[in-house]
Amino acid sequence: MAESNKMHLETVIAKDDFASAGEASSKVKKTLTMLGVAPAQIKRISVAMYEAEINAFIHGGGGMAYTDVYPDRVEILIEDHGKGIEDIELAMQEGYSTASEEVRMMGFGAGMGLPNMKNNSDNLTIDSRPGEGTKVRMCFNIGN
Ligand SMILES: Nc1ncnc2c1ncn2[C@@H]1O[C@H](COP(=O)(O)OP(=O)(O)OP(=O)(O)O)[C@@H](O)[C@H]1O
Ligand SMILES: [Mg+2]
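Parameters at a glance
- Residues numbered from 1 in each chain as written.
- Chains lettered and ligands numbered in written order.
- Predicted model: local features only at pLDDT ≥ 70, side-chain atom pairs only at ≥ 80, totals over all residues.
- Heavy atoms only, no water.
- Helix = DSSP H or I, 4+ residues; strand = E, 2+ residues; numbered from the N terminus.
- Rg over C-alpha atoms; globule rule 2.2 N^0.38 Å.
- Buried < 20%, exposed > 50% of the residue type's maximum accessible area, 1.4 Å probe, protein only.
- Contact = heavy atoms within 4.5 Å.
- Areas by Shrake-Rupley, 256 points an atom, 1.4 Å probe, with all protein chains shown as cover.
- Lys, Arg positive; Asp, Glu negative; His and termini not counted.
- Charge placed at Lys NZ, Arg CZ, Asp CG, Glu CD.
- Near = heavy atom within 4 Å.
- Polar contact = N/O pair within 3.5 Å; in protein donor to acceptor, adjacent residues only side chain to side chain.
- Nonpolar A, V, L, I, M, F, W, Y, C, P; charged D, E, K, R; others polar.
- Expected span 1.5 Å × (residues − 1).
- Arc of directions from axis to C-beta.
- Phe/Tyr/Trp six-rings, centres within 6.5 Å; stacked < 30°, edge-to-face > 60°.
- Lys NZ or Arg CZ within 6 Å of the ring centre and 35° of its normal.

Caption draft 1: Examining the overall build of the protein chain more closely. The secondary structure content of the protein chain amounts to five helices and five strands. Across the protein chain, helices and strands are ordered from the amino to the carboxyl terminus as β-α-α-β-β-α-α-α-β-β. Radius of gyration (C-alpha) of the protein chain: 15 Å, near the 15 Å computed for a compact globule of 144 residues. When the backbone C-alpha atoms are referred to their principal axes, the protein chain occupies close to 45 × 30 × 25 Å. Per-residue burial over the protein chain gives 42% buried out of 144 residues. Partitioning the contacts of the protein chain with sequence separation of at least 6, the portion at a separation of at least 24 is 64%. In the form shown here, the protein chain has an accessible surface area of approximately 8000 Å², with 50% of it arising from carbon and sulfur atoms. When the 14 basic and 21 acidic side-chain charges of the protein chain are each reduced to a single mean position, those positions are 4 Å apart.

Caption draft 2: Fine view of the site of ligand 1. As a structural note, the neighbourhood of ligand 1 is formed by 19 residues, with His59, Ser97, Thr98, Gly109 and Met112 the closest of them. Gly111 has a polar backbone atom sitting 2.9 Å from an oxygen atom of ligand 1. Here Gly113 contributes a backbone N or O atom positioned 3.2 Å from an oxygen atom of ligand 1. When the free accessible area of ligand 1 is taken as 600 Å², the share hidden by the protein chains comes to 94%. The greatest single-element share of the shell around ligand 1, amounting to three residues, is contributed by helix 5 (residues 113-120). Among the residues forming the shell around ligand 1, the class breakdown is eight nonpolar, nine polar and two charged.

Caption draft 3: Representation of helix 1 (residues 23-34). A rise of 1.5 Å per residue sets the reference length of helix 1, with its twelve residues, at 16 Å; its end C-alpha atoms lie 17 Å apart and thus fit the reference within 8%. Of the positions making up helix 1, those classed as buried are Ala24, Ser25, Val28, Thr31 and Leu32. Projected onto a plane normal to the axis of helix 1, the buried residues spread over an arc of 120° and lie on a single side. The outward face of helix 1, more than 90 degrees from its buried face, is lined by the exposed residues Lys30, Thr33 and Met34. Close packing links the buried residues of helix 1 with strand 1 (7-13), helix 2 (39-58), strand 2 (63-69) and strand 3 (73-80). Note on helix 1: the residue one or two positions beyond its end, Gly36, has a positive phi of about 80°.

Caption draft 4: Quick peek at the packing of aromatic side chains. Inspection of the entire model under this criterion finds two aromatic pairs. Consider the rings of Phe18 and Phe108, whose centres lie 6.3 Å apart with planes at 25°: the pair is stacked. Here Phe18 is found in the loop between strand 1 and helix 1, whereas its partner Phe108 is found in the loop between helix 4 (101-105) and helix 5, with 90 residues between them in sequence. Three or more aromatic residues joined by ring pairs form one cluster here, namely Phe18, Phe57 and Phe108. Between Arg73 and the ring centre of Tyr70, over which it is positioned, the NZ or CZ distance is 3.8 Å.

Structural measurements only, silent on function.
Printed below as a string of structure tokens:
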């Protein structure tokens, strides 16, 4: 497959709609399965993307997910225009969470999303400005 022959996917991450939370990562999971990507790769990509998507939904007020699938890698950008992250290093620590009691009741807020993204991706970069929003980029090498 030529570099220009990549597959591009875009999904809106809705805000305040728990029913549609996780749609972007589940769409990517289906596409990667259809493309014949190895199950172990699909698993780590969908786990990491789900965490980023849920963060954009819960902490960022919704946003967009962009995915590019190349023969050797998958690149994902999750973008929101929410409150941003004040201290990225602190946010990256296991167990750190600012989730509300209401959100914790829904099963989120263990403070494990960012560490999971770090562990499951080959590259993670977070670009965030308080009051402006957050961009999370992840790259996954899938061989070939
Ligand atoms: N997109 C975002 N916008 C604003 N703040 C964020 C965003 N993503 C993460 N954060 C901040 O970083 C903290 C840690 O995120 P992380 O995903 O690790 O844990 P969590 O979302 O609180 O809980 P969990 O992911 O385990 O359900 C969040 O509680 C929040 O304060
Ligand atoms: Mg999270």
